[in-house]
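# Observations on the model geometry
Chain by chain, the residues:
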Amino acid sequence: MTRIAIYPGSFDPPTRGHEDLIRRSLALADRVVVAVATNSSKQPLFPVAERLALLRAAVGEEPRVTFESFDGLLVEFARRVGGSMVVRGLRAVSDFEYEFQMALMNRRLHSTLETVFLVPALDLTYLSSSLVREVARLGGDVSGLVHPAVAEALAKRYGR
Ligand code: PNS
């Protein structure tokens, strides 16, 4: 049986933290589907197609990882692609409440879909897409926090 993990998120933009989680997920699953949510209530900086392209550039050649966007409920997407687990990163206690609620709601909607929490590399625990956006918007250096392709896209977006 092929074990398929779904790694869902907004990835606006993808960070080194996301890349780290994708690589860690490969130790748990045969295949990882990175799933970019299209119906997020947040106003995104990058369109979904660009986020997918940036994720592909950041992860590089890895035949066990695929990238898709999804609309609607995550549990329906998981059913469609045959996913048996959802991977989410837990960076700090502050992430816990939201993540716990989401995991329990997803279980209510799909009782056999397990949520697995992974801890990112220590030097990436402070990292978030929103902080990266803010630093880039204000002209700070984001190299080291994101793949060069993402840094370039941010510079372009903020007219640098
Ligand atoms: O990177 P994010 O913004 O924290 O990711 C949140 C995401 C996209 C995983 C979550 O909002 C989600 O699963 N959205 C899809 C809609 C859905 O299934 N909502 C119910 C979750 S309990």
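This is a predicted model, so every value here is computed, not measured. (Residues numbered from 1 in each chain as written. Predicted model: local features only at pLDDT ≥ 70, side-chain atom pairs only at ≥ 80, totals over all residues. Heavy atoms only, no water.)

Turning our eyes to something else, we now look at the site of the ligand. Taken together, 14 residues form the shell around the ligand, and within it Ser10, Lys42, Gly72, Leu74 and Arg88 come nearest. Separating an oxygen atom of the ligand from a backbone N or O atom of Leu74 is a distance of 2.8 Å. Within the complex, the protein chains bury 78% of what would otherwise be the 550 Å² of accessible surface of the ligand. When atom positions are compared with the pocket grids, the ligand is found to occupy the largest pocket. For the shell around the ligand, the secondary structure elements donating two or more residues are β1 (4–9) and α4 (93–109). (Near = heavy atom within 4 Å. Polar contact = N/O pair within 3.5 Å; in protein donor to acceptor, adjacent residues only side chain to side chain. Areas by Shrake-Rupley, 256 points an atom, 1.4 Å probe, with all protein chains shown as cover. 1 Å grid on protein atoms, 1.4 Å probe; cavity = no way out; pocket = protein on both sides within 12 Å on 5 of 7 lines; lining within 4 Å. Sits in = over half its atoms within 2 Å of the grid points. Helix = DSSP H or I, 4+ residues; strand = E, 2+ residues; numbered from the N terminus.)

Moving on to helix α5 (residues 129–137). Ser129, Val132 and Ala136 are the residues of α5 that are buried. One face of α5 carries all of its buried residues, which in axial projection span an arc of 60°. Following α5 by one or two positions, Gly139 has its phi on the positive side, about 85°. (Buried < 20%, exposed > 50% of the residue type's maximum accessible area, 1.4 Å probe, protein only. Arc of directions from axis to C-beta.)

Computed from the structure, the largest pocket encloses a volume of approximately 1200 Å³. Lining the largest pocket are 46 residues, with Gly9, Ser10, Lys42, Arg88 and Tyr98 positioned closest to its centre. Of all the elements in the fold, those that place two or more residues in the lining of the largest pocket are β1, α1 (16–25), α2 (48–59), β4 (85–89), α4, β5 (114–118) and α5. Its residues assigned to classes, the lining of the largest pocket shows 20 nonpolar, 18 polar and 8 charged. (Points joined across faces, edges and corners; volume = space filled by probe spheres on them. Nonpolar A, V, L, I, M, F, W, Y, C, P; charged D, E, K, R; others polar.)

Another aspect to go through is the pairing of β4. Across the 5 residues of β4, 4 count as buried, placing the element largely inside the fold. Strand direction decides the pairing type here: β1 and β4, joined by 2 bridges, are parallel. Directly across from Ala5, in β4, lies its bridge partner Met85. Pairing of β4 with β5 involves 5 bridges; the strand directions are parallel. Residue pairing in the sheet places Arg88 in a bridge with Phe117 of β5. Note on the crossover from β4 through α4 to β5: the handedness is right-handed. (Pairing = 2+ DSSP bridges. Right-handed = clockwise from strand over helix to strand, strands pointing away.)

Our next topic: the packing of aromatic side chains. Inspection of the entire model under this criterion finds 3 aromatic pairs. Centroid distance Phe96 to Phe100: 5.1 Å. Interplanar angle 20°. Geometry classified as stacked. Residue Phe96 and its partner Phe100 are both found in helix α4; the two are separated by 4 residues, about one turn of the helix. A relative accessible area of 38% means that Phe96 is categorised as partly exposed. (Phe/Tyr/Trp six-rings, centres within 6.5 Å; stacked < 30°, edge-to-face > 60°.)

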